[in-house]
Amino acid sequence: MPEMAESDGTSGLDPRARLLLTLGFIVVVTALPDGAWVEMALLASSLLVVAVITRTDWASLLRRVALLLPFAALAALSLPFTTAGETLLRVGPLRLTDRGMLRFAALIGRTLLSITAASLLVRQTPMPQLFQALQSLGVPRLLVAIAASAYRYSFILAEEAARMDRARRSRSADLPCGRGRGLRWLWWRARGLGGMIGMLFLRSYERSERIYLAMVARGYAGTLYALEPPAWQRRDLYALVGGMAGLLLCLLMGVR
Amino acid sequence: MSDWAIRVRELRYAYPDGREALRGLTLTVARGEKVALVGPNGAGKSTFLLHLNGLLRGEGVVEVLGMPVVEANFPRLRAQVGLVFQDPDDQLFSPTVFDDVAFGPLHMGLSAEEVRRRARQALEAVGMLHAAHRMPHHLSLGERKRVAIATVLAMRPELLLLDEPTAGLDPRARRSLIALLGTLPQTILVATHDMRLAAALCRRAVVMDEGLIVADGPADRLLTDAALMEAHGLEVACEC
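Residues numbered from 1 in each chain as written. Chains lettered and ligands numbered in written order. Predicted model: local features only at pLDDT ≥ 70, side-chain atom pairs only at ≥ 80, totals over all residues. Heavy atoms only, no water.

## As for the overall build of chain B
Now for step 1: Looking only at helices and strands, chain B has 10 helices and 10 strands in total.
Now for step 2: For 240 residues, the compact-globule estimate of 2.2 N^0.38 gives 18 Å, and the C-alpha radius of gyration of chain B, at 18 Å, lies within 12% of that figure.
Now for step 3: Counting only residues that meet the buried cut, chain B has 57% of its 240 residues in that class.
Now for step 4: For chain B, the exposed surface amounts to about 10000 Å²; the carbon and sulfur share of it is 49%.
Now for step 5: Taking the 27 positively charged and 30 negatively charged side chains of chain B as two groups, their mean positions are separated by 5 Å. (Helix = DSSP H or I, 4+ residues; strand = E, 2+ residues; numbered from the N terminus. Rg over C-alpha atoms; globule rule 2.2 N^0.38 Å. Buried < 20%, exposed > 50% of the residue type's maximum accessible area, 1.4 Å probe, protein only. Areas by Shrake-Rupley, 256 points an atom, 1.4 Å probe, with all protein chains shown as cover. Lys, Arg positive; Asp, Glu negative; His and termini not counted. Charge placed at Lys NZ, Arg CZ, Asp CG, Glu CD.)

In structure tokens:
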């Protein structure tokens, strides 16, 4: 089960302000030119401050970031070789350039900061509040409802899959094709897995029917309604405006 | 206003694959009654409940709270008939407990203030107000069952339809749920094969098998009739 925040829903900054600040942060990080290291360091320290204030668990935050970083690194891997500039190193037909290295480092920096900001948001804000924030910021209700129910039922789906896997393992102490782990074994496993996925799909399909009935039974007739979130507090508005101003300043410093 | 909460005559329903689920079922339930609908798996209990707010429609006469179950009455019917599904995970589809309990009142078109008030009251009635901002998957099965009942209580229904409310509960959660149901003033029709629930909650029992009502009478007499119970795949409620 992922480690998500769950609070009484009253403490801390308004989720809408958090969401907007995180988005603003990511936009600024992305828009900064390559080599704006001072500004990046400023942004990084602002994340540090947020993490300290919110008493974020460092280890799990870093684990999450580390999990996503290889994907970014893989995507950026070609940059040092494909960007024009002064050659630093020749590897066969490839030329490593100085500008290429700079772009590579800047991209990794941007990714690192963006992922950390997004992880901070998700770790410190209960998912239901995030969904509500998205909705009140104008994301279509149906889209939010789909995301929210996907989140809600992902746990049940995972539990169902785990139960089925346990049942499968408890019945397959001895493999029908002996101890070898050759192609036949692989084929046999793949067939089992395929069946399991099909079964999960069927069960989810049937469940979705029952959920729909439960919604209709309580008056759902095609239009989703939702309660409006509480009004903005002055404190949250100050934080939002102040934060955005800081981000903008950082961006201006960088592009100058 | 009629005195009948439920009046069903000669109700027939066949599944899309042609299998007959209800084969001419006739039943009346007076307002204020608490009736146990007992029968083995596959007797058609759940299918029958789904007819009482129009989620399924068969042939025959179905009247609930004085209204024929036809499309024009659906909005009013669904506000006054609270159906609690067997698996609370089907009923609790919102991110938080509070959102879920607010869903019914919200879709009845009530004001935000009234929605909040009703959701709080319903959660209080089932003893789950402390969990209002929690996510349903963090609750125990017994707690989720209580919340599922709150989701329909928030609509202030006159008739409660419960499908296997005690299935899967441990004895303590089961006892406390039965006690909770006993405090509710509504007309209740509870489909179950939990004989002790039936005996504890209901004065009247209706035995259903193969899509028909096969016996109808005082719960203490029917539920202790060993021959009847055995003939329909049930068991005699013990004295506890």
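Moving on, there is more to tell.
## Description of the packing of helix α6 (residues 141-153) of chain B against helix α7 (residues 171-183) of chain B
Residues and elements named next belong to chain B.
Now for step 1: Running from N to C, α6 and α7 point in directions that differ by 15°, and their axes come no closer than 10 Å. The orientation of α6 relative to α7 falls into the category roughly parallel. Classified by chirality, the crossing of α7 by α6 is right-handed. When α6 is examined against α7, the residues G142, K145, R146 and I149 are found in contact with a partner set consisting of A173, S176, L177, L180 and L181.
Now for step 2: In terms of residue class, the contact of α6 with α7 is made up of 5 nonpolar, 2 polar and 2 charged. (Axes fitted to C-alpha atoms, helices over the stretch in contact; angles between N-to-C directions. Parallel < 35°, antiparallel > 145°, perpendicular 65-115°, else oblique. Left-handed = near helix turned anticlockwise from the far one by under 90°. Contact = heavy atoms within 4.5 Å. Nonpolar A, V, L, I, M, F, W, Y, C, P; charged D, E, K, R; others polar.)

## Looking at the interface of chain B and chain A
Often, the extent of an interface is quoted as the loss of accessible area on bringing the components together.
Now for step 1: Of the residues lining the interface, 34 residues belong to chain B; the matching set on chain A comes to 32 residues.
Now for step 2: At the boundary of chain B with chain A, the tally comes to 5 salt bridges.
Now for step 3: Between D87(B) and R207(A) there is a salt bridge, and its shortest N-O distance comes to 3.3 Å.
Now for step 4: The interface formed by chain B and chain A holds 11 residue pairs in polar contact (both at pLDDT 80 or more) in total.
Now for step 5: Counting only elements with at least two residues in the side of chain B that touches chain A, the list comes to α3 (88-91), α4 (97-107), α5 (112-125) and α6 of chain B. (Salt bridge = Lys/Arg side-chain N within 4 Å of Asp/Glu carboxyl O. Polar contact = N/O pair within 3.5 Å; in protein donor to acceptor, adjacent residues only side chain to side chain.)

## Let's talk about the domain arrangement of chain A
Residues and elements named next belong to chain A.
Now for step 1: One can read the domain layout of chain A as domain 1 (15-136 + 232-255) and domain 2 (141-217).
Now for step 2: On a C-alpha basis, the centroid separation for the pair domain 1 and domain 2 is 36 Å.
Now for step 3: The partner domain 2 presents 5 residues to the 4 residues of domain 1 that form the contact.
Now for step 4: Between domain 1 and domain 2, a total of about 450 Å² is buried, with carbon and sulfur atoms accounting for 80% of that surface.
Now for step 5: When the buried area of domain 1 at its contact with domain 2 is split by residue, M127, F131 and Q135 rank highest and sum to 92% of it.
Now for step 6: At the junction of domain 1 and domain 2, the tally comes to 0 salt bridges.
Now for step 7: Viewed at the interface, domain 2 and domain 1 are joined by 0 residue pairs in polar contact (both at pLDDT 80 or more). (Domains from an automatic or database assignment. Buried area = accessible area lost by both parts, 1.4 Å probe.)

## Observations concerning the pairing of strand β8 (residues 187-192) of chain B
Residues and elements named next belong to chain B.
Now for step 1: Most of β8 sits out of view: 6 of its 6 residues are buried.
Now for step 2: Burial of β8 is two-sided: the residues T187, L189 and A191 facing one way and the residues I188, V190 and T192 facing the other way are all buried.
Now for step 3: Relative to β8, strand β7 (residues 159-163) runs parallel, the two sharing 5 bridges. Looking across to β8, one finds that L161 is bridged to L189.
Now for step 4: Since β7 and β8 lie parallel, the crossover through α7 that links them has a hand, and here it is right-handed. (Pairing = 2+ DSSP bridges. Right-handed = clockwise from strand over helix to strand, strands pointing away.)

## Comments concerning the sheet that holds strand β10 (residues 212-218) of chain B
All names here are of chain B.
Now for step 1: One open sheet holds the 6 strands; their spatial order is β6-β7-β8-β3-β9-β10, and the pairing between them is mixed. Each having just a single partner strand, β6 (81-84) and β10 make up the two edges of the open sheet. The mean inter-strand angle of the sheet, taken between neighbouring strand axes irrespective of direction, is 15°.
Now for step 2: Judged from the 4 bridges that link them, strand β3 (residues 34-38) and strand β9 (residues 204-209) form a sheet pairing that is parallel.

## Concerning the environment of A17(A)
All names here are of chain A.
Now for step 1: Residue position: A17 is located in helix α1 (residues 15-31).
Now for step 2: A relative accessible area of 0% means that A17 is categorised as buried.
Now for step 3: Sequence-wise, A17 and F71 are 54 residues apart; in three dimensions their C-alpha atoms are separated by 29 Å.
Now for step 4: Setting aside chain neighbours within four positions, we find A17 in contact with W232, D236 and L240.

## Quick notes on a nonpolar patch on the surface
All names here are of chain A.
Now for step 1: Residues F81, L88, L89, V91, L94 and M101 make up a contiguous nonpolar surface patch of about 510 Å² in total accessible area.
Now for step 2: When residues of the nonpolar patch are assigned to their parent elements, the largest contribution, 3 residues, is made by strand β1 (residues 87-91).
Now for step 3: When you line up the elements, F81 lands in helix α4 (residues 79-82). (Patch = residues over 30% accessible without salt bridge, like charges linked within 9 Å, V, L, I, M, F, W, Y side chains within 5 Å.)

## Overview of the packing of aromatic side chains
Now for step 1: One pass over the structure, following the stated rule, counts 5 aromatic pairs over all chains.
Now for step 2: Geometrically, the ring pair formed by Y151(A) and F155(A) is edge-to-face, given 5.1 Å between the ring centres and 85° between the ring planes. Of this pair, Y151(A) and F155(A) are both found in helix α7 (residues 141-170), 4 residues apart, which corresponds to roughly one turn of the helix. F155(A) carries the same exposure label as Y151(A), and that label is buried.
Now for step 3: Among the aromatic residues, ring-to-ring pairing joins F131(A), Y151(A) and F155(A) into one connected group.
Now for step 4: Lying across the ring of Y153(A), R152(A) places its NZ or CZ 5.0 Å from the centre.
Now for step 5: Against the face of F74(B) rests R78(B), its NZ or CZ located 4.3 Å from the ring centre. (Phe/Tyr/Trp six-rings, centres within 6.5 Å; stacked < 30°, edge-to-face > 60°. Lys NZ or Arg CZ within 6 Å of the ring centre and 35° of its normal.)

## Considering the pairing of strand β4 (residues 59-64) of chain B
Looking down a regular strand, the side chains alternate between one sheet face and the other.
Residues and elements named next belong to chain B.
Now for step 1: Taken together, the 5 bridges between strand β1 (residues 4-14) and β4 define a ladder with antiparallel strand orientation. Each residue of the ladder has a partner; that of R12, found in β4, is E59.
Now for step 2: In this structure, β4 lies alongside strand β5 (residues 67-68), joined through 2 bridges in antiparallel fashion. From the neighbouring strand, V64 faces β5, where its bridge partner is M67.

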